[in-house]
Amino acid sequence: HAGGGCSMVGRGRGWEAPIWVQFLDCVWQLTQARPTAFEFSESFLIALADAAWSCRHGTFLFDSPTHFRAANARDTTVSVWTDLDAGREDLVNPRFKPYLGLLRVHLPVEEIQVWSGLYLRYLHQDWDLPIPQGPYHLAVSRSQVAAATVSEAS
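Asks: Where do I start with the side chain of threonine 31 in this structure?
Replies: Considering the arrangement of structural elements, one finds threonine 31 in helix H1 (residues 19-33). On the accessibility criterion, threonine 31 (12% relative accessible area) is buried. A polar contact is formed between the side chain of threonine 31 and the backbone oxygen of tryptophan 28, at a distance of 2.6 Å. Here threonine 31 is in contact with Phe38, Phe40 and Leu45, once residues within four sequence places are set aside.

Asks: Please explain unusual backbone geometry as it appears in this structure.
Replies: The phi torsion of most residues other than glycine is negative, and most of the peptide bonds are trans. Of note in this structure, cysteine 55 is not a glycine but carries a positive phi near 65 degrees. Structurally, cysteine 55 can be placed in the loop between helix H2 (42-54) and helix H3 (65-70).

Asks: Would you mind showing me how to read the nonpolar core here?
Replies: Core analysis: the largest hydrophobic core is formed by 17 residues, its most contacted members being Leu45 and Trp115. Of all the secondary structure elements, the ones that give two or more residues to this core are H1, H2 and helix H5 (80-86). Sort the elements by how many residues they give to this core and H2 lands first, with 7 residues. Those residues within four positions of leucine 45 in sequence are excluded, and the remaining contacts are Leu24, Val27, Trp28, Thr31, Phe40 and Trp115.

Asks: What am I meant to see in the packing of aromatic side chains here?
Replies: By convention here, two paired aromatic rings are described through the distance between centres and the angle between planes. According to the stated counting rule, one finds 8 aromatic pairs in the structure shown. With a centroid separation of 5.6 Å and an interplanar angle of 15 degrees, the aromatic rings of tryptophan 28 and tryptophan 115 are classed as stacked. Remark: tryptophan 115 occurs in the loop between H5 and helix H6 (116-119) and tryptophan 28 occurs in helix H1; sequence separation between them is 87 residues. Residue class for tryptophan 28 comes out buried when judged on its relative accessible area of 5%. Taking the centre distance of 5.5 Å and the plane angle of 50 degrees together, the rings of phenylalanine 38 and phenylalanine 40 count as tilted. Judged by relative accessible area, phenylalanine 38 falls into the buried class, the value being 14%.

Asks: Whenever I open this one, H1 confuses me. Can you help?
Replies: Count 3.6 residues to each turn of an α-helix, and residues three or four apart come out pointing the same way. Under the 1.5 Å per step criterion, the end-to-end length of H1 is 21 Å for 15 residues, consistent within 8% with the ideal 21 Å. For H1, the set of buried residues is Val21, Leu24, Asp25, Val27, Trp28, Gln29 and Thr31.

Asks: Looking at this structure, I do not really get the environment of valine 92. What am I missing?
Replies: Assignment of secondary structure puts valine 92 in the loop between H5 and H6. On the basis of relative accessible area, valine 92 is assigned to the partly exposed category, the value being 29%. Along the primary structure valine 92 and phenylalanine 38 are separated by 54 residues, whereas in three dimensions their C-alpha atoms are 8.7 Å apart. Apart from residues lying up to four places away in sequence, valine 92 is in contact with Glu39, Phe40 and Ser41.

Asks: Can you help me understand the pattern of salt bridges in this one?
Replies: Side chains carrying opposite charge are able to pair once their charged atoms draw close together. Inspection of the entire model under this criterion finds 3 salt bridges. With a closest N to O distance of 3.4 Å, arginine 88 and glutamate 39 form a salt bridge. Of this pair, arginine 88 sits in the loop between H5 and H6 while glutamate 39 is found in the loop between H1 and H2, placing the two residues 49 residues apart along the sequence. By relative accessible area, arginine 88 is classed as partly exposed at 43%. A salt bridge links arginine 121 to aspartate 50, with the nearest nitrogen and oxygen atoms 2.5 Å apart. Here the residue arginine 121 occupies a position in the loop between H6 and helix H7 (142-153), and aspartate 50 occupies one in helix H2, the gap between them amounting to 71 residues.

What counts as what
- Along each chain, numbering runs from 1 in the same order as the chain's sequence is written.
- The predicted nature of this model means local features are confined to residues of pLDDT at least 70 and side-chain atom pairs, given and counted, to a pLDDT of 80 or more, with totals for whole chains, interfaces and linings taken over all residues.
- Side-chain descriptors were evaluated using all non-hydrogen atoms of the structure, hydrogens and water having been removed beforehand.
- Secondary structure elements are taken from DSSP: a helix is a run of H or I of four residues or more, a strand is a run of E of two residues or more, and numbering for both begins at the N terminus.
- Relative accessibility decides the category of a residue: with a 1.4 Å probe and only protein chains considered, values under 20% of the type maximum give buried, values over 50% give exposed, and everything between is partly exposed.
- Between N or O atoms, a polar contact is any pair within 3.5 Å; within protein, one atom must be a potential hydrogen donor and the other a potential acceptor, and residues adjacent in sequence are included only when both atoms are from side chains.
- We call two residues in contact whenever any of their non-hydrogen atoms come within 4.5 Å of each other.
- Take the buried residues of types Ala, Val, Leu, Ile, Met, Phe, Trp, Tyr and Cys, join any two whose side-chain atoms come within 4.5 Å, and each joined set is a nonpolar core.
- Side-chain rings of Phe, Tyr and Trp, where Trp is taken by its six-membered ring, are said to pair if the distance between their centres is within 6.5 Å; with planes under 30 degrees apart they count as stacked, over 60 as edge-to-face, and otherwise as tilted.
- Take the residue count of a helix, subtract one, and multiply by 1.5 Å to get its expected span.
- Each reported salt bridge corresponds to a side-chain nitrogen of Lys or Arg within 4 Å of a carboxyl oxygen of Asp or Glu.

Take a look at the structure:
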């Protein structure tokens, strides 16, 4: 299950993968590179990540539209979009500026950050732990990537 941790189908088979949260992390990285380009806020992305694991919404309970329809989920569950729309004013980006055209984003590996708003939000502020930022927190260095690319091309 690529959506999150709440599949009703395939439960117990270890098929859950955090691909949805990884996608949201990528979107968050883009919002950091272009903070006025997105109408939604970080709170919106966090709410989507939380919803994927909460098992409250039919949106994330099934592996496919076929399973969703077979379970009659439209009539028996709440859509995540219904809940998010109810709190919409808290989920919009106040800095948003509409942009017509293709949004181009250059995001060097050095600018990728730990999404502390999601991953570190439960750390107690009094713990005074450093939050890794910058290229040193990445498991693979740029030179290792370059070396791997050269060896694959050979």
